[in-house]
Structure formats: structure tokens, C-alpha cells
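Descriptive analysis of the structure
Residues per chain, in single letters:
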Amino acid sequence: MHFQPVFDTKRPIHIAGPCSAETEEQVLAAAHGLKDQQVNLFRAGIWKPRTRPGAFEGVGVPGLKWLQRVQRETGLAVTTEVAYAQHVEQCLKHGIDVFWIGARSTVNPFSVQEIAEALRGTDVPVLVKNPVNPDYKLWVGALERLYKAGLRRVAAIHRGFSSYGDSKYRNLPRWQMAIDLMQEFPDLEVLCDISHICGRRDILAETAQKAYDLNFDGLMVEVHPTPDEAWSDASQQVTPEQYSKMIKGLVRRVVTTDDPDFLAYMENCRIEIDAIDEEIIHLIAQRMQLVKEIGVIKRDKNVTVLQPERFRALREELLRRGEKNELSKEFISLFLEAIHQESINQQEQVINASLKKRKLTKD
Ligand code: PEP
Ligand code: MN
């Protein structure tokens with residue numbers, strides 16, 4: 001799939017505006033507060049997918065007229081969320097510039113297909129949020145459905161993934177999935193919706209900087225004239241002034257530069273890093289060799305592959321060493337888990353292979 005740009009302008013791109021359109025005054029106040037800021041597209045939800053019934057579910061079609069006023073009075077292009085063919089028809093009728101598909105729709109192929117069919121034959125740009133669950137194929141599948149309906153001006157928005165239990169984030173970022181998407185589709189624009197990832201305004205700036213540093217094409221940010229009084233997502237919205245201050249404080253770093261000193265330094269470091277990686281693989285292979293030898297003894301003595309006491313002690317020791325070397329607990333745990341899983345697999349292979357052999361010789 002080869003996509004065409006939704007945003008034909010220099011990076012970074014910024015989408016800003018309230019979570020929901022609440023009243024005509026609120027929408028216009030947000031838009032006027034943003035029109036002279038760094039904003040490429042004004043957002044406001046007209047139909048709101050709420051987790052529990054009874055919450056504010058959006059103003060519906062009358063809100064589209066407010067967005068038209070935003071276009072006329074501020075010159076800003078506007079976007080809203082569509083979930084059904086009927087939303088698409090209303091938005092087309094009202095000249096909405098860009099449509100977005102929300103996380104709860106991307107998860108459902110029926111919805112995405114319905115939207116794609118309703119858009120067939122148009123050239124409306126569409127932004128596709130990731131599904132609420134971390135299913136990479138489902139996200140790509142939604143992009144494919146639009147592509148197959150003839151749409152080319154399609155971009156993606158990373159808004160994090162639902163999880164159960166306590167976390168710093170409302171939706172876990174799992175950055176690697178967005179990075180994978182950028183690598184698989186180099187001409188697809190990928191933006192980061194920091195508001196829905198964070199769920200709180202105090203960590204928006206650091207998350208925005210992280211998104212910049214991971215080379216996202218831009219950001220989506222929820223901005224409201226009086227955030228604490230917002231009818232939805234109050235705790236994550238910021239005022240136009242706070243938005244402006246945050247964006248100005250971000251550092252946009254370049255992917256590379258042709259400064260020869262920089263390039264030479266990078267080249268040298270990379271040679272060293274490659275050599276270290278090679279050594280790491282060699283050491284892990286040596287470790288696995290020992291693991292397999294232990295597998296043979298375990299098999300002969302009829303001892304289980306998993307040794308919980310040993311694993312616990314190993315984990316504690318590695319965590320201690322990791323801390324001494326300024327490696328995070330999270331990394332050490334993942335590292336040990338990966339090594340341990342591979343060791344178990346290798347030992348099982350040894351044990352199962354010899355079982356098969358025994359069976360053959362018996363026969
Ligand atoms: C939104 O952008 O207001 C929204 C509902 O987002 P999401 O689909 O990412 O939850
Ligand atoms: Mn929201």
C-alpha cells in the first residue's frame with residue numbers, strides 16, 4: 001500500500017481542539033484560542049463513543065454547523081469522528097475536511113467496512129486511530145479496508161491501548177507498535193494522540209516530547225477553553241494558552257544531519273555497538289549450550305525443566321546487578337524472561353528429541 005499525504009505541509013503537524021463539541025460558544029472559543037497557534041487541523045467530537053451509557057454522547061448533527069462556523073471564521077480545517085455510514089453522509093454534506101475513525105470503531109471490521117463503503121468514490125482524508133486492543137493486524141486491516149475502497153489520503157493516529165490495573169497512562173503507549181507501522185509503511189503519516197495516551201495533563205509535555213523523538217509526524221491534543229468544566233475527558237484537556245506553551249517548549253530533533261564530525265562519530269559508535277551485539281549473541285549461544293547439557297542430566301535424573309528456586313535466586317541477583325549498572329527493573333525482568341523462556345524451549349527440545357529416539361529404538 002502506498003499512501004498519499006493527508007497533510008501536505010512541513011512536519012510536525014498538530015491537530016488540536018476539544019474532546020467534544022458541547023455548545024456553539026465553547027467550540028468557537030476553542031477555535032479562536034487556537035487559530036493563531038501552531039495548529040493544522042481543528043478537532044471536536046460530535047458523536048461521542050462513551051464507555052458507559054448515560055455519559056454525554058455528543059451533540060450530533062447541529063454541531064456540524066458549529067464546525068462550519070469554525071472554518072468560516074478562523075480559516076482552520078476541521079475534523080470529527082465518524083462511526084457509521086450515516087455520520088459519513090452528514091459530514092460529507094457539511095463539508096467536514098478530514099474524518100477520523102475512533103479506537104472503538106477500528107476494533108470492529110464491520111464498522112470500518114461500512115465507513116469505507118460510504119466513502120468510496122470520494123477523496124476525503126481519513127485518520128485511523130489504533131484499535132483499543134494492541135492488535136497490529138487489526139490496525140493495518142482498517143487501513144487496508146479504506147485503501148481497497150480507493151482512499152489514498154489516509155493517516156494513522158496512535159492513541160495507546162486499554163489495560164486493566166494501575167498505570168501512569170490512561171492507555172498504554174506500547175510505542176513499538178507505532179514504530180512497526182512507520183517502518184512497514186514509510187509513506188504513511190503517523191501522529192500521536194497524547195491526550196488519550198496520558199489521560200492527565202501533567203504528563204502531556206513529556207509524552208509529546210517522546211513522540212517527537214520517535215519521529216511521529218505530529219500530535220493530536222485535546223484543547224478546551226475551560227478544561228475542568230469539560231463534559232468529557234476533563235482531566236486530560238488543556239487551555240489554548242497551556243497548549244501553546246507546551247508546543248513551544250518541545251524540541252524538534254532532526255533524524256540526521258550532514259555534519260561530517262557528527263557522521264564520523266556516529267559511524268564509530270555504531271561499529272562498536274555492532275561488535276558488542278555480536279558478542280552478546282555469542283555469549284547467549286554459549287549459555288544455551290550449557291543449558292542443553294543440563295537438559296541431558298535433568299532428563300537422565302528425571303528432574304523437571306523448571307526450577308522455581310533457582311529462577312527466583314537468578315532474578316534477584318540480576319536485578320541487583322542491573323540496579324548497580326543503572327539498568328531498569330523493567331528491562332532486567334524482560335531480559336531474564338526472554339532468556340529463561342529460550343532456555344526452557346531448548347531443554348524441552350533436548351528432552352523431547354531423546355524421548356522420540358527412545359521410542360524409535362524400542363519399536
Ligand atoms: C476522541 O478522540 O475523543 C476519542 C474518543 O478517542 P479514541 O477513539 O482514541 O478513544
Ligand atoms: Mn476525548
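Residues numbered from 1 in each chain as written. Chains lettered and ligands numbered in written order. Predicted model: local features only at pLDDT ≥ 70, side-chain atom pairs only at ≥ 80, totals over all residues. Heavy atoms only, no water.

This part is about helix H10 (residues 240–249). Residues of H10 that are buried include every one of Pro240, Tyr243, Ser244, Met246 and Ile247, and no others. Buried residues in H10, looked at end-on, bunch into an arc of 165°, giving them a common side. Set apart from the buried face of H10 by more than 90 degrees, the exposed residues are Glu241, Lys245, Lys248 and Gly249. Residues of H10 that are buried make contact with strand E1 (13–17), helix H1 (24–34), helix H8 (194–198), helix H9 (204–213) and strand E8 (218–222). (Buried < 20%, exposed > 50% of the residue type's maximum accessible area, 1.4 Å probe, protein only. Helix = DSSP H or I, 4+ residues; strand = E, 2+ residues; numbered from the N terminus. Arc of directions from axis to C-beta. Contact = heavy atoms within 4.5 Å.)

Moving on, we come to the coordination of the manganese ion (ligand 2). Here the manganese ion (ligand 2) is held by Cys19 (SG), His196 (NE2), Glu222 (OE) and Asp233 (OD), and the distances to it run 2.1 to 2.4 Å. Counting along the primary sequence, the residues that act as donors to the manganese ion (ligand 2) give the motif C-x176-H-x25-E-x10-D. A residue pair is termed long-range when its members are at least 10 positions apart, and His196 in helix H8 and Asp233 in the loop between E8 and H10 qualify at 37 residues. Relative accessible area serves as the criterion here: at 8%, His196 is assigned to the buried category. (Donors = N, O, S within 2.8 Å, 3.2 Å for Na, K, Ca; no water.)

Attention now goes to the pairing of strand E4 (residues 98–101). Neither face of E4 is left uncovered, since the one carrying Val98 and Trp100 and the one carrying Phe99 and Ile101 both have all their residues buried. The pairing of strand E3 (residues 78–81) with E4 spans 3 bridges and is classified as parallel. Paired with Thr80 across the strands is Phe99, a residue of E4. Regarding the hand of the β-α-β motif, the stretch spanning E3, helix H3 (residues 85–93) and E4 is right-handed. (Pairing = 2+ DSSP bridges. Right-handed = clockwise from strand over helix to strand, strands pointing away.)

Ranked by internal contacts, the top residues of the largest apolar core, which has 69 residues, are Phe42, Leu119, Leu146, Leu181, Leu219 and Tyr243. Val6, Val98, Leu127 and Ala155 belong to the second largest nonpolar core, which has 12 residues in total. (Core = buried A, V, L, I, M, F, W, Y, C linked by side-chain atoms within 4.5 Å.)

Structurally, the protein comprises domain 1 (13–249) and domain 2 (260–362). Each of domain 1 and domain 2 was reduced to a C-alpha centroid, and the two centroids are 42 Å apart. (Domains from an automatic or database assignment.)

In the neighbourhood of ligand 1, the contacting residues comprise Cys19, Arg43, Lys48, Glu81, Trp100, Gly102, Ala103, Arg104, Lys129, Arg159, His196 and Glu222. Between ligand 1 and Lys129, the relevant distance is 2.8 Å, taken from an oxygen atom to a side-chain nitrogen or oxygen of the residue. Between Arg159 and ligand 1, the recorded distance is 2.7 Å, taken from a side-chain N or O atom to an oxygen atom. Considered on its own, ligand 1 offers 300 Å² of accessible surface; in the complex 97% of this is hidden by protein. Within the shell around ligand 1, the residues separate by chemical class into 3 nonpolar, 2 polar and 7 charged. (Near = heavy atom within 4 Å. Polar contact = N/O pair within 3.5 Å; in protein donor to acceptor, adjacent residues only side chain to side chain. Areas by Shrake-Rupley, 256 points an atom, 1.4 Å probe, with all protein chains shown as cover. Nonpolar A, V, L, I, M, F, W, Y, C, P; charged D, E, K, R; others polar.)

Between helix H5 (residues 109–119) and helix H6 (residues 136–148), the shortest axis-to-axis distance is 9 Å and the interhelical angle comes to 20°. Considering their axes alone, H5 and H6 lie roughly parallel with respect to each other. Judged by the twist between their axes, the crossing of H5 over H6 is right-handed. On H6, the residues touching Pro109, Val112, Gln113, Ala116 and Leu119 of H5 are Leu138, Ala142, Arg145 and Leu146. Its residues placed into classes, the contact of H5 with H6 shows 7 nonpolar, 1 polar and 1 charged. (Axes fitted to C-alpha atoms, helices over the stretch in contact; angles between N-to-C directions. Parallel < 35°, antiparallel > 145°, perpendicular 65-115°, else oblique. Left-handed = near helix turned anticlockwise from the far one by under 90°.)

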